[in-house]
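Spelled out from the first residue to the last, the chains are:
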Amino acid sequence: MKEHSNLSSNFTLVDKPNLFMHIADTLHIYALPVLIALGIPGNLLSFIVFTCSTVMNKLPSSTYMAALALSDSGFLSILLCIWLQKMNIHEYVTQLWCQFIVFGAYIFGFLSVWFTVLFTIERYKVVCYPLKATQICTKRRARLSTLIICVFPVFLYMPSFWTTIDYHGHCSYREELFVLLTVITYMDTALTFILPFLALLFMNLRIIWAIRAVKKRMNWLQESQPHEKTQSLLSKTQMKLTKSLDL
């Protein structure tokens, strides 16, 4: 009986990873193409809105949102190519193709994260430094920041062309350059996960703190000033805060 229990326990431990892998493969096969089919048109529609709308196009943050829509569409296109390889449709796979797929995955992953960071920086400056926001947050600076963020990863991830090979219709890496690939992986993790996470955490906490300070000031005014005057001051404060969040 004890032996049977041990066997059942071992079977359960072995079977759980297989179950998780089966679920992951199923989601990859069926859910991923749905996500791609909905994501790419949605991102392209967002790009058109942010660039063609006369109201949205005036806002500096629209530059980041339009660029984010394009980078997300590019990343979804890379996922589509990976999905086709998963489905054993790899007649088109060549050495150059694999190099561009891996390079594109690095590039679009980097851009999607850092466009989000740039957009949050815009919100941070507007909320925490509202008096300087109109001078700092300009359309020209937004375009310049977008250009720099687009050029920087091109040189940063260029070594991925050397580490990637076509191995019987599947993209793989050169074993003799494994150390270089490891360095690229650690660098990519730091630049697309650790640093953005810390930056977004800090700025969002500061934004929350600033908004709470405004609410406390509004409550203090409501308690210390006459009712009509308070309503006037509160409405002006709310309008300024709303306008700053819409910049």
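Residues numbered from 1 in each chain as written. Predicted model: local features only at pLDDT ≥ 70, side-chain atom pairs only at ≥ 80, totals over all residues. Heavy atoms only, no water.

Bringing the environment of leucine 70 into the picture now. Position of leucine 70 relative to the elements: it lies in helix 2 (residues 61-86). For the pair leucine 70 and phenylalanine 108, spaced 38 residues apart in sequence, the C-alpha to C-alpha distance is 9.0 Å. The contact partners of leucine 70, leaving out residues within four places of it in the chain, are Leu44 and Phe47. (Helix = DSSP H or I, 4+ residues; strand = E, 2+ residues; numbered from the N terminus. Contact = heavy atoms within 4.5 Å.)

The biggest cluster of nonpolar side chains holds 26 residues, and the ones touching the most others in it are Phe110, Leu111, Phe115, Ile149 and Tyr157. Where this core is concerned, the elements lending two or more residues are helix 2, helix 3 (95-128), helix 5 (139-156) and helix 7 (178-224). Among the elements that line this core, the one with the most residues is helix 3, at 12 residues. Look past the residues within four positions of phenylalanine 115 in its chain and what remains in contact with it is Tyr64, Ala67, Leu68, Ser71, Thr146, Ile149 and Cys150. Among the nonpolar cores identified, the runner-up in size contains 6 residues, and Ile36, Leu76, Leu79 and Trp83 belong to it. (Core = buried A, V, L, I, M, F, W, Y, C linked by side-chain atoms within 4.5 Å. Buried < 20%, exposed > 50% of the residue type's maximum accessible area, 1.4 Å probe, protein only.)

This structure, assessed with the given rule, holds 1 disulfide. The partner cysteine of cysteine 98 in its disulfide is cysteine 171, sulfur to sulfur 2.2 Å. For the disulfide bridge between cysteine 98 and cysteine 171, the dihedral angle about the S-S bond is near -85°, and by the sign convention the bridge is left-handed. Within this pair, whereas cysteine 98 is found in helix 3, its partner cysteine 171 is found in strand 2 (residues 170-173), the two being separated by 73 residues in sequence. Owing to a relative accessible area of 0%, cysteine 98 belongs among the buried residues under this scheme. Take cysteine 171: its relative accessible area is 27%, and that puts it in the partly exposed class. Cysteine 81 carries a free sulfur, and the closest cysteine sulfur to it, the one in cysteine 171, is 9.2 Å from it. With a relative accessible area of 14%, cysteine 81 lands in the buried category. (Disulfide = S-S within 2.5 Å.)

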